[in-house]
Amino acid sequence: MDERVVISIQKLHSSNVKLVYEFAGVGAAALFWLHSVPGSSNTIVEARDVYSRAALRHAMSELPSQLNAESVLNEDGASAPSVCSFLACHALLRCEFLIQREPDSSGGIASGVACLGAIATTNRIRRGSDKACICVAVREPSSTCFSVRILQIEFNRENSRSREVQENLVSKAVVCLIEKLVGSIEPHSEYDLGFDAADRLTERWTRVSASCF
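Reading guide: rules and limits
- Residues numbered from 1 in each chain as written.
- Predicted model: local features only at pLDDT ≥ 70, side-chain atom pairs only at ≥ 80, totals over all residues.
- Heavy atoms only, no water.
- Helix = DSSP H or I, 4+ residues; strand = E, 2+ residues; numbered from the N terminus.
- Buried < 20%, exposed > 50% of the residue type's maximum accessible area, 1.4 Å probe, protein only.
- Contact = heavy atoms within 4.5 Å.
- Areas by Shrake-Rupley, 256 points an atom, 1.4 Å probe, with all protein chains shown as cover.
- Phe/Tyr/Trp six-rings, centres within 6.5 Å; stacked < 30°, edge-to-face > 60°.
- Pairing = 2+ DSSP bridges.
- Axes fitted to C-alpha atoms, helices over the stretch in contact; angles between N-to-C directions.
- Polar contact = N/O pair within 3.5 Å; in protein donor to acceptor, adjacent residues only side chain to side chain.

Enquirer: Would you mind showing me how to read the overall build of the protein here?
Expert: Of regular secondary structure, the protein possesses 5 helices and 6 strands. Along the protein, helices (α) and strands (β) appear in the sequence α-β-α-β-α-α-β-β-β-α-β when read from the amino end. Put simply, the protein has 213 residues, and 51% of those count as buried. Contacts spanning at least 24 positions in sequence make up 71% of the contacts within the protein whose residues lie at least 6 apart. As displayed, the protein offers around 10400 Å² of accessible surface, 49% of which is attributable to carbon and sulfur atoms.

Enquirer: When you look at the packing of aromatic side chains in this model, what are you seeing that I'm missing?
Expert: Within the structure shown, the criterion is met by 2 aromatic pairs. Measuring from ring centre to ring centre gives 5.0 Å for Tyr-21 and Phe-23, while their planes differ by 25 degrees; the resulting arrangement is stacked. Note on accessibility: Tyr-21 and Phe-23 belong to one class, buried. The interplanar angle of 35 degrees and the centroid separation of 5.8 Å between the aromatic rings of Phe-155 and Phe-195 together place this pair among those described as tilted.

Enquirer: Before we go on, may I ask you to explain the sheet that holds strand 5 (residues 145–154) in this structure?
Expert: Strands in a sheet are paired, the pairing made by backbone hydrogen bonds, and the direction either parallel or antiparallel. One open sheet accounts for 6 strands, arranged 2-1-3-4-5-6; its pairing is mixed. Each of the sheet's edge strands pairs with one partner strand only, and the pair in question is strand 2 (44–49) and strand 6 (200–209). Pairs of neighbouring strands in the sheet enclose a mean axial angle of 15 degrees, with direction left out of account. As judged from the 5 bridges shared by strand 1 (residues 17–24) and strand 2, these two strands associate in the parallel manner. By the bridge assignment, Val-20 is partnered in strand 2 with Glu-46.

Enquirer: Would you mind showing me how to read the side chain of Ser-15 here?
Expert: Looking at the secondary structure, you find Ser-15 in the loop between helix 1 (3–13) and strand 1. Within the local environment of Ser-15, its side chain forms a polar contact with the backbone oxygen of Leu-12, the two atoms lying 2.7 Å apart.

So, in structure tokens, the structure goes:
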């Protein structure tokens, strides 16, 4: 694990941030790293790997009506920001629900993190580029909206990298995005995530109405 990632996770674990993490296809290393640094019980409320089609379909069963649940089951939809942002908001609501029911809970800043993707594989030929989407959601103060930070990643097809390398790159981005979004953590200076210069990373904010859920 990169030393800078360890520092980020240490800051996270020493804060009052709580998170629920939902992922599929990529992002498992981020959960392993979060647990590898002492203090994860202070941060991680719940994590869920919705990897199989049945599990992902079930996770999508409460999608807002304007989204197509089946889109997540094809390769393009697997990293669709609309689906990923929904999962992050769903994780946020789950985090709030569980925090309220924790005995002797001191509360904290609830957040929802989602990571979906289709990365390098050896058992079939993928149409299009390897890609991933990461979303981190928090509730806006005194508002009925969620703030969602979205990072879309599309790997350069000309620079073939193993699944392990891509997994580590995306997981490092997961940790970075959590640190960047949650206001209780001191902002860090940008550090090199290790992506190729030709990899396409697009980062943006969006707002989601809580009434959708």
